[in-house]
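Coordinates in review
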Amino acid sequence: MLDDFMVRAALAGVGVAIAAAPLGCFVVWRRMAYLGEATAHASVLGIALALAFSLPILPAIIVAALTMGLTVTLLRGKGFAMDTLLGVIAHTALAAGLVSVALLSDVRLDLDAFLFGDILAVAKTDLVTIWVGGALILAVMVQRWSALLVSTLNPDLAYASGIDPKREELWLTLAMALAVAVAIKVVGILLIAALLVIPAAAARSLVRTPEAMAVCAAILGSLAALGGLAGAYMADTPAGPSIVCAAALVFLVTGVSGPYLYRN
Amino acid sequence: MKRTLITLKDLSIRADGRTILEHVNATVSEGEIVTIVGPNGSGKSTLLRAMIGAALPAHGTVKQAKNLRIGYVPQKLALDAALPMTVQRFLSLPRRVSARDAITALDHAGVPDLRNRQMTKLSGGQFQRVLLARALLEKPQLLLLDEATQGLDQPGAAAFYQRIEQVRHDLGCAIVMVSHDLHVVMAASDRVLCLNGHICCEGSPRSVADAPEYRALFGSGTKGTMALYQHQHSHSHDHDHGSTLSQEKAD
């Protein structure tokens, strides 16, 4: 069954959608969409680094993403105008990464596969990466769920309950770096943030509790992954962007119909 | 001898290169009600935040008693509309509470029937009471209230403080509160800390109200507040609580 590329693609898409769902909820609640962007973009630098020093690509991506996440998290507390700063950092990381890869011109590398994803070329080893990485992300989120929720609601409430919101934020940063590494193959660097934000945003109008939102985001994200793949197959469009388009469609439908279905 | 719950020793706190608190020494003991008064920007909220460990000292120490259970009601809590949250779920953060405990807590806080409502749909007064209910569910030994009656009207605030008094009676917990409602607060406290970047004066409500440092900060009008309060105690006429002018007249 795993020999069929469409089956592997579907398993990869659903795996990423499930892993991204709870994390994506926090991205929406904490308004960190740009942090997701910056973390994802930093992975191009990781790829360049791996090429330059002949390191394995996956760990290099995780390290670069984690470094970016930690840098941004540290700067967040220092009273900078984060919106502008993140705009600068995120795009600089992407541009510098692309330039570095180009400078290493003796290396042949299909950069498009990293930028836009290559879900139809997912191999069995990639599936292992995605599902193990996804399980790790879920484990972190389940383990830290309550503490993260309180920290997100109000840092002072967290302190009063003996929770250190700064430490919880680091867990989130770690999960984010893992998510980038896991999702690259599926939607590509440029659209990872979309896969985090859109299913969570689509789930919002259908639910009444944080947990329900995470579960609902996982379901809607999986539907978008499968729908996007089917669409890409039929219309011969690029698979990663098709998945994000499908997610956007789901967002439109729930956004319009949600308030009528459920009056919270 | 009552157990000391929190000890602040020579505490100084800076933020953004500005000194907010300087050389603050204070203790809170079991079961007492301490009120912090002071003008805007005098560091009242920062002092509470230092007690829970949210504001880090630049100098000095904050010591909590071992395994101290703290209930904290923040000045305001802006709930993002993107975060769905029922009252029941909110009460279960960070530790899950049973539906029965939640119902009892809401009953006590004077807001039954809110359990399945969305937090963002509550009125200011309901929200404040739910915050209190959550703080009480932690069975606190120390309850910290930061301008807990902000946004409540006078009857609402009065009811809130009555509830606090009841809580202390039931739970026997110590209470530290920051408030603007000088006359209500002064009457209900065992001890008053008058703060203005440092502790200007402290003691029983009456002695603080008579202290020159306090009067320098709040003017003689607050002396009137005391008088008004004492007057209010024996009568229950209508008063214009909000106006300093009428308080001065009462002086």
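Before any of the text, the structure's been laid out above.
Residues numbered from 1 in each chain as written. Chains lettered and ligands numbered in written order. Predicted model: local features only at pLDDT ≥ 70, side-chain atom pairs only at ≥ 80, totals over all residues. Heavy atoms only, no water.

A ring pair, where both rings are aromatic, is described by two values, the distance of the centres and the angle of the planes. All chains considered together, the criterion is met by 3 aromatic pairs over all chains. Between Phe26 of chain A and Trp29 of chain A, the aromatic rings sit 5.0 Å apart at their centres with planes inclined by 80°, giving edge-to-face as the arrangement. Linking Phe26 of chain A with Trp29 of chain A, this pair stays in helix α1 (residues 5-29), spanning 3 residues, or about one helical turn. One exposure class covers both Phe26 of chain A and Trp29 of chain A, and it is buried. Pairwise contacts between aromatic rings join Phe26, Trp29 and Trp145 of chain A into one cluster. Taking the ring centre of Phe90 of chain B as reference, the NZ or CZ of Arg134 of chain B above it sits at 5.7 Å. (Phe/Tyr/Trp six-rings, centres within 6.5 Å; stacked < 30°, edge-to-face > 60°. Helix = DSSP H or I, 4+ residues; strand = E, 2+ residues; numbered from the N terminus. Buried < 20%, exposed > 50% of the residue type's maximum accessible area, 1.4 Å probe, protein only. Lys NZ or Arg CZ within 6 Å of the ring centre and 35° of its normal.)

All names here are of chain B. Relative to the helices and strands, Gln64 is located in strand β4 (residues 59-64). According to the relative accessible area criterion, Gln64 is partly exposed, its value standing at 34%. Leaving out residues up to four positions away in the same chain, Gln64 has contacts with Leu5, Ile6, Met51, Ile52 and Ile70. Of note is the side chain of Gln64, whose polar atom sits 2.9 Å from the backbone oxygen of Met51. (Contact = heavy atoms within 4.5 Å. Polar contact = N/O pair within 3.5 Å; in protein donor to acceptor, adjacent residues only side chain to side chain.)

Okay, the sheet that holds strand β2 (residues 18-29) of chain B next. Residues and elements named next belong to chain B. Within the open sheet, the 3 strands sit side by side as β2-β1-β4. Their pairing is antiparallel. Two strands in the sheet have a free side with no partner beyond their single neighbour: β2 and β4. The mean inter-strand angle of the sheet, taken between neighbouring strand axes irrespective of direction, is 15°. (Pairing = 2+ DSSP bridges. Axes fitted to C-alpha atoms, helices over the stretch in contact; angles between N-to-C directions.)

All names here are of chain B. In space, the 6 strands of this open sheet follow the order β5-β6-β7-β3-β8-β9, with mixed pairing throughout. With one partner strand each, in any of the chains shown, β5 (70-73) and β9 (199-203) form the two edges of the open sheet. Strand after strand, the sheet turns through a mean of 15° between neighbouring axes, direction not considered. Of the strand pairs in this sheet, β5 and strand β6 (residues 142-146) are connected by 4 bridges, and their pairing is parallel. The residue of β6 that forms the bridge with Ile70 is Leu142. Relative to β6, helix α1 (residues 44-52) is tilted by about 150°, and along the sheet it contacts β3 (33-37), β5, β6, β7 (174-178) and β8 (191-195). Contacts from helix α4 (residues 124-137) reach β5 and β6 within the one sheet, and its direction differs from that of β5 by about 170°.

Nothing here speaks to function; it is all geometry.
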